[in-house]
Amino acid sequence: MGSSATTTYRLTLEYDGTGFAGWQAQPGRRTVQGEVERACRETCGAAVPVGAAGRTDAGVHAAGQVAGVALRWGRGPDRLREALNAHLPEDIAVTGCAAAPEGFDARRDAVSRAYRYAILLRGARSPLLRRCAWWVRGPLDAGAMRDAARLFEGRRDFSAFTTAQGRARGAVRDVARCRLTARGQLLLLDVEGRSFLHHMVRLIASAVVAAGQGRLSATRIRRSLARLDSDTPVAVAPPQGLALLAVRYRGERRSRLPGWPPGTVA
């Protein structure tokens, strides 16, 4: 039974995005937000909105999504986590729950978001990684990919690396980190910044892969970022390779990112 007082909670969520039409609630479609709001309603007996730090697209995963919700609950954060998980499907879990300051806004208060895009480079597809990595056949020049990734760091105009929806409110963004590392047969692209545009990280990943294939030059990427070429130079990379790993808020130190894909050393 809930208490009469309303408390704002910060939830850390992990989910496999394969079976969802993205984060945002949509009529008649299965979404992460819809499932979390249903779990809150069944736990506390009232319909409440749940806001997230990032609205992940259909098929995109999260290992460290953050959401905020105000609930009437008097049994403490750990019991709330357990109760919500009892009402959530197997492809979503609340991994952390803590009381947050009144007025906490998971999206507006975030100062940094860390994403990872996983690329599987081998001759045969992987049934085990098919939900969490983009399988790319053929040789890739990892050096060219690393050089291409670094071109996206800093304050840039990403008009050519987003959709019309993303450009609607301005496309200048600050990318603090865009680096490629190798983990066995996986190439991991880590991208961190305060905020991102629609499809921006997936388009960056696609550009980095195209650079490794010799289909996209560093000069062309620079021209696109300088708005000398207005068209988007690559197609959007598949959603399953992308995961939101962590969200950081003011006053918090950068923590070690979780291993992703599952079983990968961070």
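Up top is the structure.
Notes on the structure in this doc start here.

Conventions and cut-offs
- Residues numbered from 1 in each chain as written.
- Predicted model: local features only at pLDDT ≥ 70, side-chain atom pairs only at ≥ 80, totals over all residues.
- Heavy atoms only, no water.
- Buried < 20%, exposed > 50% of the residue type's maximum accessible area, 1.4 Å probe, protein only.
- Helix = DSSP H or I, 4+ residues; strand = E, 2+ residues; numbered from the N terminus.
- Arc of directions from axis to C-beta.
- Axes fitted to C-alpha atoms, helices over the stretch in contact; angles between N-to-C directions.
- Left-handed = near helix turned anticlockwise from the far one by under 90°.
- Contact = heavy atoms within 4.5 Å.
- Nonpolar A, V, L, I, M, F, W, Y, C, P; charged D, E, K, R; others polar.
- Core = buried A, V, L, I, M, F, W, Y, C linked by side-chain atoms within 4.5 Å.
- Phe/Tyr/Trp six-rings, centres within 6.5 Å; stacked < 30°, edge-to-face > 60°.
- Expected span 1.5 Å × (residues − 1).
- Disulfide = S-S within 2.5 Å.
- Pairing = 2+ DSSP bridges.
- Salt bridge = Lys/Arg side-chain N within 4 Å of Asp/Glu carboxyl O.

## Section: helix α3 (residues 142–150)
Turning to α3, its buried residues are Met 145, Ala 148 and Ala 149. Buried residues of α3 fall within an arc of 100° about the axis and therefore sit on the same side.

## What to know about the packing of α3 against helix α5 (residues 200–212)
For the pair α3 and α5, interaxial distance at closest approach is 7 Å and the crossing angle is 145°. Note on packing geometry: the crossing formed by α3 with α5 is right-handed. Across from Ala 144, Met 145, Ala 148 and Ala 149 in α3, the residues of α5 making contact are Val 208, Val 209, Ala 211 and Gly 212. Class assignment of the residues belonging to the contact of α3 with α5 gives a composition of seven nonpolar, one polar and no charged.

## Overview of the nonpolar core
Grouped together as the largest cluster of nonpolar side chains are 74 residues, with contacts concentrated most on Leu 11, Phe 152, Phe 158 and Leu 189. For this core, the leading source of residues is α5, giving ten residues. One finds Leu 120, Leu 186, Leu 188 and Trp 260 within the second-largest nonpolar core, a separate group that totals eleven residues.

## Considering the packing of aromatic side chains
One pass over the structure, following the stated rule, counts five aromatic pairs. Ring geometry for Tyr 117 against Trp 134: centres 6.1 Å apart, planes inclined by 90°, an arrangement best described as edge-to-face. Of this pair, Tyr 117 sits in strand β5 (residues 110–121) while Trp 134 sits in strand β6 (residues 134–136); the two residues are 17 residues apart in sequence, bridging distant segments of the chain. In terms of burial, Tyr 117 and Trp 134 fall into one category: buried. Where Phe 152 meets Phe 158, the ring centres are 6.3 Å apart and the plane angle is 15°; that geometry is what we call stacked. By way of ring pairs, the aromatic residues Phe 152, Phe 158 and Phe 161 are connected into one cluster.

## A closer look at α5
Relative to the 18 Å expected for 13 residues at 1.5 Å per residue, α5 spans 19 Å between its end C-alpha atoms, a close match to the ideal helical length. Among the 13 residues that make up α5, 13 are buried, leaving the element largely enclosed by the rest of the structure. Where α5 ends, the next residue or the one after it, Gly 214, has phi of about 80°, a positive value.

## Concerning the state of the cysteines
Within the structure shown, the criterion is met by zero disulfides. With no disulfide of its own, Cys 97 lies 9.2 Å from the sulfur of Cys 40, the closest cysteine sulfur. Cysteine Cys 178 is unpaired, with the sulfur of Cys 132 as its nearest cysteine sulfur at 20 Å.

## Side note on the pairing of β5
With eleven of twelve residues buried, β5 is to be regarded as a mostly interior element. Inspection of the sheet shows β5 paired to strand β10 (residues 242–249) by seven bridges, in the antiparallel sense. The partner of Tyr 115 across the bridge, within β10, is Leu 244. Here eight bridges tie β5 to strand β9 (residues 186–193), and the two strands are oriented antiparallel to one another. Across the sheet, Ile 119 pairs through a bridge with Leu 187, a residue of β9.

## Considerations on the pattern of salt bridges
Counted according to the given criterion, the structure contains 19 salt bridges. Measuring nitrogen to oxygen at the nearest pair gives 4.0 Å for the salt bridge that ties Glu 82 to Arg 79. With Glu 82 and Arg 79 both in helix α2 (residues 77–87) and three residues apart, the pair spans about one turn of that helix. A relative accessible area of 43% places Glu 82 in the partly exposed class. A salt bridge links Glu 153 to Arg 179, with the shortest nitrogen-to-oxygen separation between them at 2.6 Å. Of this pair, Glu 153 sits in the loop between α3 and β7 (154–157) while Arg 179 sits in strand β8 (residues 172–183), placing them 26 residues apart in sequence. What emerges from the salt-bridge pattern is a single network uniting Arg 30, Glu 35, Arg 38, Glu 42 and Asp 91.

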